[in-house]
Amino acid sequence: AREVARTARSLGMIVSASDPLFEATDPIWLETSVTPAPLEQLLAGSDAVSLHVPLTAQTRHMIDADALSRMPPDSYLINSSRGGVVDEEALAAALRSGKLAGAVLDVFEQEPLPANSTFADLPNIILTPHIAGVTEESNRRVSAVTAANLRRVLQAH
């Protein structure tokens, strides 16, 4: 979330966030140059909402039909956190009806996404195969672990 906020600010965006773990007076907001806001206010006043939450009982379907109805019709929803945070049926309905301009999803309630997904034939959604965490750094780390494991196995024989 902090890296997304940094990148968004570098593109000239005004960044707000909602996090129940941090009080509005917490120094983290100043350190990150992010304005704290209640979720309802953030949804209603944002051109783009990027989700960065774990999937818990409290966050399951936190973005449901009600939350989506609060967002401006020309706004976008991005979820690269966890499948299940977004009510996929409600999102598809909002996209089909024009109540939301578009969405980008990297995670889904069912992975891999079934061919008959509720998102089939929607022109205003981008779907990626759970690759948001694939970065240069993670590739280097995975390569190093793989090489170490291979070395360990070869040395044992």
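Further up the page is the structure itself.
Keep in mind the model is a prediction, meaning the values are calculated, not measured. Residue indices follow the written sequence of each chain, beginning from 1 at its first position. Whole-chain, interface and lining totals are the exception, using all residues; otherwise, since this is a predicted model, local features are given only for residues with pLDDT of at least 70 and side-chain atom pairs are given and counted only at 80 or more. Side-chain measures here rest on the full set of heavy atoms in the structure, leaving out hydrogens and waters.

Asks: Got a minute to help me understand the sheet that holds strand β3 (residues 48-51) in this structure?
Replies: One key point about sheets: their strands pair by backbone hydrogen bonds, in either a parallel or an antiparallel sense. In this scheme, strands are said to pair when DSSP sees at least two bridges between them. Comment: elements are numbered from the N terminus, with helices defined as DSSP H or I runs of at least four residues and strands as E runs of at least two. If you trace the four strands from one edge of the open sheet to the other, you get β3-β4-β5-β6, paired in parallel fashion. In the strand order of this sheet, the two ends are held by β3 and β6 (125-127), each with one partner. With strand direction ignored, the average angle separating the axes of adjacent strands in the sheet is 10°. Here strand β5 (residues 102-105) runs beside β6; their pairing, made up of three bridges, is parallel. Each residue of the ladder has a partner; that of Val 104, found in β6, is Ile 126. Residues count as neighbours in contact if any of their non-hydrogen atoms are within 4.5 Å of one another. Here, axes are lines fitted to C-alpha atoms. For helices the fit covers the stretch in contact, and angles between N-to-C directions go from 0 to 180 degrees. Across the face of the sheet, helix α5 (residues 88-97) comes into contact with β4 (76-79), β5 and β6 while running at roughly 145° to β5.

Asks: Hey, could you run me through the layout of surface pockets in this one?
Replies: Rolled over the atoms, a probe sized like a water molecule indicates the empty space that remains. Estimated volume of the largest pocket: approximately 1400 Å³. Of all the secondary-structure elements, those providing two or more residues to the lining of the largest pocket are α1 (2-10), β1 (16-17), α2 (27-32), α3 (39-44) and β3. Ranked by residues supplied to the lining of the largest pocket, first place goes to α1 with five residues. Looking at side-chain class alone, the lining of the largest pocket contains 25 nonpolar, 13 polar and three charged residues. In this analysis the probe radius is 1.4 Å and the grid spacing 1 Å, with only protein atoms considered; a cavity is a set of points the probe fits into but cannot get out of, a pocket is an open set with protein on both sides within 12 Å along at least five of seven lines, and lining residues have an atom within 4 Å of a point. Grid points are joined across faces, edges and corners, and a volume is the space filled by probe spheres set on the points. Each residue receives one of three labels: charged for Asp, Glu, Lys and Arg, nonpolar for Ala, Val, Leu, Ile, Met, Phe, Trp, Tyr, Cys and Pro, and polar for the others, Gly being one of them.

Asks: Sorry if this is basic, but what is going on with the side chain of Asp 87 here?
Replies: As for its placement among the helices and strands, Asp 87 is situated in the loop between β4 and α5. Buried charge Asp 87 goes without a salt bridge, the closest partner of opposite sign being Arg 60 at 9.7 Å. We call two N or O atoms a polar contact when they sit within 3.5 Å, provided that within protein one can donate a hydrogen and the other can accept it, with sequence-adjacent residues counted only if both atoms are side-chain atoms. Polar side-chain contacts of Asp 87 include one of 3.1 Å to the backbone nitrogen of Ala 90. Whether a residue is buried, partly exposed or exposed follows from its accessible area with a 1.4 Å probe, protein chains only, as a fraction of its type maximum: under 20%, in between, or over 50%, in that order. Counting rule for charge: Lys and Arg are taken as positive, Asp and Glu as negative, and neither His nor the chain ends is counted. By definition, a salt bridge exists where a carboxyl oxygen of Asp or Glu is found within 4 Å of a side-chain nitrogen of Lys or Arg.

Asks: Looking at this structure, I do not really get the packing of aromatic side chains. What am I missing?
Replies: Any two aromatic rings considered together are summarised by their centre-to-centre distance and by the angle between their planes. Only Phe, Tyr and Trp rings are paired, with Trp represented by its six-membered ring, and only when their centres lie within 6.5 Å; those with planes under 30 degrees apart are stacked, over 60 edge-to-face, the remainder tilted. Taken as a whole and judged by the stated rule, the model has one aromatic pair. Between the aromatic rings of Phe 22 and Trp 29, the centroid separation amounts to 6.3 Å while the plane-to-plane angle is 80°, which identifies the pairing as edge-to-face. With a relative accessible area of 30%, Phe 22 lands in the partly exposed category. A residue is classified by how much of its surface remains accessible, and Trp 29, at 9% relative accessible area, is buried.

Asks: How should unusual backbone geometry be read in this particular structure?
Replies: Trans peptide bonds make up the majority, and among non-glycine residues the majority have a negative phi. Cis geometry marks the peptide bond from Glu 111 to Pro 112; its omega dihedral reads -5°. Relative to the helices and strands, Pro 112 is located in the loop between β5 and β6. Even without a glycine there, the phi angle at Ser 33 is positive, about 55°. With relative accessibility at 45%, the residue Ser 33 sits in the partly exposed group. Backbone geometry at His 61 places phi at a positive 55°, although glycine is not the residue there. Mapped onto the fold, His 61 is located in the loop between β3 and α4 (65-70).

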